[in-house]
Amino acid sequence: MKTKLYDIAHSRAGDKGNTLTLSLIPYKPEHFELLRNQVTANAVKEHLKQIVAGDVIRYELPNLPALQFVCQQALTGGVTTSLTMDTHGKSLSYALLEMEVDVQ
Amino acid sequence: MKERIRIGCGAGFSGDRLEPGLILAQQGKLDYLVLECLAERTIALAQKRKRQNPDTGYDPLLERRIEMILPVLLTNHVRLITNMGAANPLAAAQKVIEIAQRLNLSLTVAAITGDDVFHQLTGDEIALETGKPLHESGPILSANAYLGADAILPALATDAQVIITGRVADPSLFVAPLVYELGWSLDNWEQLGQGTVIGHLMECAGQLTGGYFADPGRKEVADMAHLGHPFVDVLANGTAVFGKVEGTGGMLSVATAKEQLLYEVMDPSRYFTPDVIADFTQVRLLQAAPNQVHATGGRGQARPDTLKVSVGYEAGFIGEGEISYAGANALGRAKLAGAIIQERLQDRFADLRIDYIGSTSVHRTSFGHYPAPYEIRLRVAGRASTAQQAALVGEEVEALYTNGPAGGGGARKYTHEVVGIVSTLIDRNQVVPNVTRLSA
């Protein structure tokens, strides 16, 4: 069954210059493996292709558990010089949560 | 040495609310209060103000915050550490002394300087973001190195009740009192790694206690109108227990702490500060009681030999214009207006952005959801080298009243000067912090 990440996980976006960081935290720890298998760096890069111009790197934090995505060239220049409305990219956590995954 | 200290964080950015810090100082039974008020770009803007008037350049809310909180801090013996000095810690300290005199309070303030390395740069240093020399980004306005906890320690050793810094790494504002009060050593990387986890969790204040977390129906947070900010009890062995003042709104949970732990973190196993390269990957969070979270497991490796320098440069001007369309075919008429503006301005702006607010203005896509909105606000933004040229954007949008599609209303126009930010590195031996003590 397809479900949005929004239904099984939460996220907070952060910015460092033109780089966007996105955490992905399952509500239930048992969903961590599913996220680890399906929400790969490549899958996120594909999902956010209209937003992220550069590479996506994924870090795993099994202790929390959580995943962290670092997205390069994602903030149209960064907070001070960007022409976008959301110059920090603070709303982009909800762009990640639009992604769909398969849940048994 | 103490066995345990309690630190509160009453502000997580320059524009943060004033009341939560006051409540922490009044009821939090704190040893230290930290007010973190200095974002990446804030200091460059402050440097501009200081150039116009050498008595300014500190945080614009400093006077209101200090006036409100100072009597309570002194009554309750809470020491304040804040980076509200921004571009001018000395003028900030002087202002605090003035406020103390006005309130008839006796007080010592310590200002920490030395982060300003503007005169030490040639402009040929390489910007980390672009890989090119700094001067290619634009005329340089400011350069401030991120100082660490070691720069704050000499001030803590004085009798100062208020310690004012300029650019200091945010977690270091918390690591300094931990090191000073708990007798930690500046080369115990495990302790400093855990201290940095604590500082990083605390530095955004309300973001740990349910602020920036709530999502109705999914992530419920109680009484957000009275959101309380966090405090942390830290034992000499580094164990940290986070909490908030009884009766304040918000929520402190493992979930709010996880979001904050990873906020703005690149590689969680190598989080660089001037104090340590911290490792967040072994952190364990435990809900000990309602609104009480334990954190253990922060680790670290030897601190870097270089300090990060935040460089502000002049990046021209941005002009903006907005106008609304509502009712049938609102999006169609807004898009016609956008196309008209595009044609009228494209030759004069290298970089022009046109947004349809209510449709795709925030994420640049809507992931396949295309409802027909009742109203749309057209927004146009363009970058220019002069204020006059930037103003053309708003002028053209306003002119849509009589030169654009039917039914446009509520036009607004803005221009503002842009300060860009890039980073570079400097050898830490070239940066010499200094403490100045002032008394009232």
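Each chain carries its own residue numbering, running from 1 in the direction its sequence is written. To read the labels, note that chains go from A and ligands from 1, taken in the order they are written. Given that the model is predicted, a residue must reach a pLDDT of at least 70 before its local features are reported, and side-chain atom pairs must reach 80 or more before they are shown or counted; all residues, however, enter totals for whole chains, interfaces and linings. Based on all heavy atoms of the structure, the side-chain values leave hydrogens and waters out of the count.

Let's talk about the overall build of chain A
Each helix and strand counted, chain A has three helices and seven strands in total. Atoms counted for the radius of gyration: C-alpha only. Globule rule: 2.2 Å times residue count to the power 0.38. The C-alpha atoms of chain A give 13 Å as radius of gyration, which agrees with the globular expectation for 104 residues (13 Å, within 12%). Taken along its principal axes, the extent of the C-alpha atoms in chain A is 45 × 25 × 20 Å. Exposed residues in this analysis have more than 50% of their type's maximum accessible area, buried residues have under 20%, and partly exposed residues fall in between, with area computed by a 1.4 Å probe over protein chains only. Put simply, chain A has 104 residues, and 58% of those count as buried. Taken as a whole, chain A presents about 4,000 Å² of accessible surface, with 49% of it coming from carbon and sulfur. Both charge centroids of chain A, one from 10 positive and one from 11 negative side chains, sit 3 Å from each other. Only DSSP runs of H or I reaching four residues or more are called helices, and only runs of E reaching two or more are called strands; each is numbered from the N terminus. Residue exposure ignores everything except the shown protein chains as possible cover, and the areas themselves are Shrake-Rupley values with a 1.4 Å probe. The charged-residue count follows a simple rule in which Lys and Arg add positive charge and Asp and Glu add negative charge, with His and chain termini not counted at all. Here the site of a charge means atom NZ of a Lys, CZ of an Arg, CG of an Asp or CD of a Glu.

As for the interface of chain A and chain B
Contact criterion: two residues are considered in contact whenever any of their non-hydrogen atoms come within 4.5 Å of each other. Taken together, the contact pairs 46 residues of chain A with 50 residues of chain B. Both sides of the chain A and chain B interface together cover about 4,300 Å² of buried area, and 55% of this is carbon and sulfur. Take the accessible area each of two parts loses on contact, using a 1.4 Å probe, and add the two losses: that sum is the buried area. On the chain A side of the interface with chain B, the three residues burying the most area are Arg12, Leu83 and Met85 of chain A, jointly 21% of the side's total. Here, a salt bridge means any Lys or Arg side-chain nitrogen found within 4 Å of an Asp or Glu carboxyl oxygen. There are two salt bridges connecting chain A and chain B. Its salt-bridge partner being Arg218 of chain B, residue Asp7 of chain A comes within 3.3 Å of it at the nearest N-O pair. Whenever two N or O atoms come within 3.5 Å, that pair is a polar contact, provided that in protein one can donate a hydrogen and the other can accept it, and provided that, for residues adjacent in sequence, both atoms are side-chain atoms. In this structure, the connection of chain A to chain B is made through 23 residue pairs in polar contact (both at pLDDT 80 or more). Classification convention: Asp, Glu, Lys, Arg as charged; Ala, Val, Leu, Ile, Met, Phe, Trp, Tyr, Cys, Pro as nonpolar; all other residues, Gly among them, as polar. Tallied by class, residues from the side of chain A that touches chain B come to 20 nonpolar, 18 polar and eight charged.

Quick notes on the nonpolar core
All names here are of chain B. For this analysis, a nonpolar core means a set of buried residues of the types Ala, Val, Leu, Ile, Met, Phe, Trp, Tyr and Cys, connected via side-chain atoms within 4.5 Å. Ranked by internal contacts, the top residues of the largest apolar core, which has 73 residues, are Ile163 and Phe242. Counting residues per element, this core draws most heavily on helix 6 (residues 172–182), which supplies seven residues. With near-sequence residues (within four places) excluded, Ile163 lies in contact with Arg79, Leu80, Ile81, Thr82, Ala110, Ile112, Ile152, Ala155 and Leu156. Formed by 33 residues, the second largest nonpolar core is a distinct cluster that contains Leu24, Leu62, Val78 and Met84.

What about the packing of aromatic side chains?
Residue and element names in this part refer to chain A. Stacked, tilted and edge-to-face are the three classes applied to pairs of Phe, Tyr and Trp rings, where Trp contributes its six-membered ring and a pair requires centres within 6.5 Å; stacked means planes under 30 degrees apart, edge-to-face means over 60, and tilted covers the rest. Evaluation of the coordinates by the stated rule reveals two aromatic pairs over all chains. With 6.1 Å between their ring centres and 50° between their planes, Tyr6 and Tyr94 make a pair best called tilted. Taken together, the positions of Tyr6 in the loop between strand 1 (2–4) and strand 2 (9–10) and Tyr94 in helix 3 (residues 93–96) put the pair 88 residues apart, joining distant regions of the chain. Taking relative accessible area as the criterion, Tyr94 reaches 33% and is therefore assigned partly exposed.

Considering helix 3 (residues 62–75) of chain B
All names here are of chain B. Expected helix span is given by 1.5 Å per residue-to-residue step, counting one fewer step than there are residues. The end-to-end C-alpha separation of helix 3 is 20 Å, in line with the 20 Å expected for 14 residues at 1.5 Å each. Working definition for bend: take the seven residues up to and ending at a residue and the seven starting at it, fit an axis to each, and measure the angle between the axes. Along helix 3, the sharpest kink reaches roughly 40°, centred on Ile69 and followed within four residues by the proline Pro71. Those residues of helix 3 hidden inside the fold are in contact with strand 1 (4–11), helix 1 (19–27), strand 2 (32–35), strand 3 (79–82), helix 4 (89–102) and strand 6 (162–165). Phi turns positive, to about 55°, at His77, one or two residues after helix 3.

Thoughts on the environment of Asn37 of chain A
All names here are of chain A. Tracing the sequence through the fold places Asn37 in helix 1 (residues 32–38). Relative accessible area serves as the criterion here: at 57%, Asn37 is assigned to the exposed category. Placed 40 residues apart in sequence, Asn37 and Gly77 show a C-alpha to C-alpha distance of 31 Å.

Some points on the packing of helix 6 of chain B against helix 7 (residues 189–202) of chain B
Residue and element names in this part refer to chain B. Interaxial angles span 0 to 180 degrees and are taken between N-to-C directions of axes, which are lines fitted to C-alpha atoms, for helices over the stretch in contact. It is the contact of helix 6 with helix 7, at a shortest axis distance of 8 Å, that shows an interaxial angle of 135°. On the basis of the axis angle, helix 6 is oblique to helix 7. For the pair helix 6 and helix 7, the sense of crossing is right-handed. For the pair helix 6 and helix 7, contact is made by Phe174, Val175, Leu178 and Val179 and by Leu192, Gly195, Thr196, Ile198, Gly199 and Met202, respectively. The residue inventory of the contact of helix 6 with helix 7, partitioned by class, reads seven nonpolar, three polar and no charged. Should an angle lie under 35 degrees it is considered roughly parallel, over 145 roughly antiparallel, and from 65 to 115 roughly perpendicular; all remaining angles are considered oblique. We call a crossing left-handed when the near helix sits turned anticlockwise from the far one by less than a right angle, and right-handed when that turn is clockwise.

Things to note about the sheet that holds strand 4 (residues 108–113) of chain B
Residues and elements named next belong to chain B. Any two strands are treated as partners once DSSP identifies two or more bridges connecting them. As summarised here, the arrangement of the 10 strands in space is 11-12-8-7-1-2-3-6-4-18, forming an open sheet in which the pairing is mixed. The outermost strands of the open sheet, each flanked by one partner alone, are strand 11 (284–289) and strand 18 (434–439). Averaged over all adjacent pairs, the angle separating strand axes in this sheet is 20°, with direction ignored. Where strand 1 meets strand 2, four bridges bridge the pair, whose relative direction is parallel. When the bridges of strand 2 are listed, Ala11 appears paired with Leu35.

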